[in-house]
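# Results of the structural survey
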Amino acid sequence: LKTLPANMIKKIEVITNPSARYSTSGNSIINIVTTSPMQKNQLLTFGSGVALYPYVIPWISYVFNNQKLSLNVYGGYHYSKETFFEIKNNYIFDNNSSLYNKDSSFNKGIQKYHYPYLGFYLQINLDSASVLTFSSYGQYSYNPRNYEYQTTRTEYVLNPGIYHFTEIPGSTTKGFYTSNGFWYQRYISPQVQKIQVSGNIAVSDFNVPNNTIRIY
């Protein structure tokens, strides 16, 4: 309504108990009568969300409407990066409550997230009482992870001594997800009873290898 010029509005009606041609599930509607039928309407929008840790979400959307159909094509890219530091001590005791060994660790790591995505939504008005809708969404994930665990272990019982080692676990999650569906609706009475048929198929596949290197 905000994008509709005021000089195109002829009158505004409130219709109670609307007939099936208005395809609504409510008890009343607001009907805007224009001076001439709108042949088509197009809208292109884009933007981005940003956070400090960091988190960036650029996106774009295109909408096309006419008297027969409505189409929305959209896409975007999610990127974020997480960094962590951790210091901890682990103590292990034997059955006699004697200290068996102690681990002092300093851990650090970086996790990155990449999510490009693309989708569309298409609604077709077959007639005044029937609507057919299609939708599709796809997303690819690429998430590399690099950690480093530096540990000092003190053994008190078995091979007493102080040992130093570094563990470098690395993994990259890769995969995709897609969801595709359709809906058919037909309004069959003025009381807005309707027949609806729908279906959806979702597919996903992710690979999470994990390799750890220990250096003494």
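To start, this report covers the structure provided alongside it. (Residues numbered from 1 in each chain as written. Predicted model: local features only at pLDDT ≥ 70, side-chain atom pairs only at ≥ 80, totals over all residues. Heavy atoms only, no water.)

### Details of the side chain of Ser 179
With respect to the helices and strands, Ser 179 occurs in strand S8 (residues 161–187). In this structure Ser 179 touches Ser 135, Ser 136, Tyr 137, Asn 200, Ile 201 and Ala 202, once residues within four positions along its chain are discounted. (Helix = DSSP H or I, 4+ residues; strand = E, 2+ residues; numbered from the N terminus. Contact = heavy atoms within 4.5 Å.)

### Some words on the pattern of salt bridges
Under the criterion given, the structure shown has 2 salt bridges. A salt bridge links Arg 186 to Asp 127; the shortest N-O distance between them is 3.4 Å. Of this pair, Arg 186 sits in strand S8 while Asp 127 sits in the loop between strand S6 (99–125) and strand S7 (130–155), and the two are 59 residues apart along the sequence. Taking the relative accessible area as the measure of exposure, Arg 186 reaches 33% and is therefore partly exposed. Given the relative accessible area of 39%, Asp 127 is considered partly exposed. (Salt bridge = Lys/Arg side-chain N within 4 Å of Asp/Glu carboxyl O. Buried < 20%, exposed > 50% of the residue type's maximum accessible area, 1.4 Å probe, protein only.)

### Some thoughts on a nonpolar patch on the surface
On the surface, Val 73, Leu 118, Phe 120, Phe 134, Phe 182, Ile 188, Ile 195 and Val 197 cluster together to form a nonpolar patch covering roughly 660 Å² of accessible area. Secondary-structure elements contributing two or more residues to the nonpolar patch are S6 and strand S9 (194–207). Note that Val 73 resides in strand S5 (residues 69–93). For Val 73, a relative accessible area of 33% translates into the label partly exposed. (Patch = residues over 30% accessible without salt bridge, like charges linked within 9 Å, V, L, I, M, F, W, Y side chains within 5 Å. Areas by Shrake-Rupley, 256 points an atom, 1.4 Å probe, with all protein chains shown as cover.)

### Considering the packing of aromatic side chains
A complete count under the given rule lists 4 aromatic pairs for this structure. Note on Phe 84 and Tyr 147: the rings are 5.0 Å apart at their centroids and 85 degrees apart in plane angle, and the pair reads as edge-to-face. Taken as a pair, Phe 84 in strand S5 and Tyr 147 in strand S7 lie far apart in primary sequence, 63 residues in all. Residue classification places Tyr 147 among the buried residues on the basis of a relative accessible area of 15%. (Phe/Tyr/Trp six-rings, centres within 6.5 Å; stacked < 30°, edge-to-face > 60°.)

### Some details on the pairing of S5
Bridging between strand S4 (residues 55–66) and S5 involves 9 bridges; their strand directions are antiparallel. Opposite Ser 61, over in S5, you have Tyr 74 as the bridge partner. The loop that links S4 with its antiparallel partner S5 comprises 2 residues. Where S5 lies against S6, 25 bridges are found, and the strand directions are antiparallel. Counterpart to Gly 76 in the pairing with S6 is Tyr 117. Hairpin connection from S5 to S6: 5 residues lie between these consecutive antiparallel strands, with Ser 97 at a positive phi of about 65 degrees. (Pairing = 2+ DSSP bridges.)

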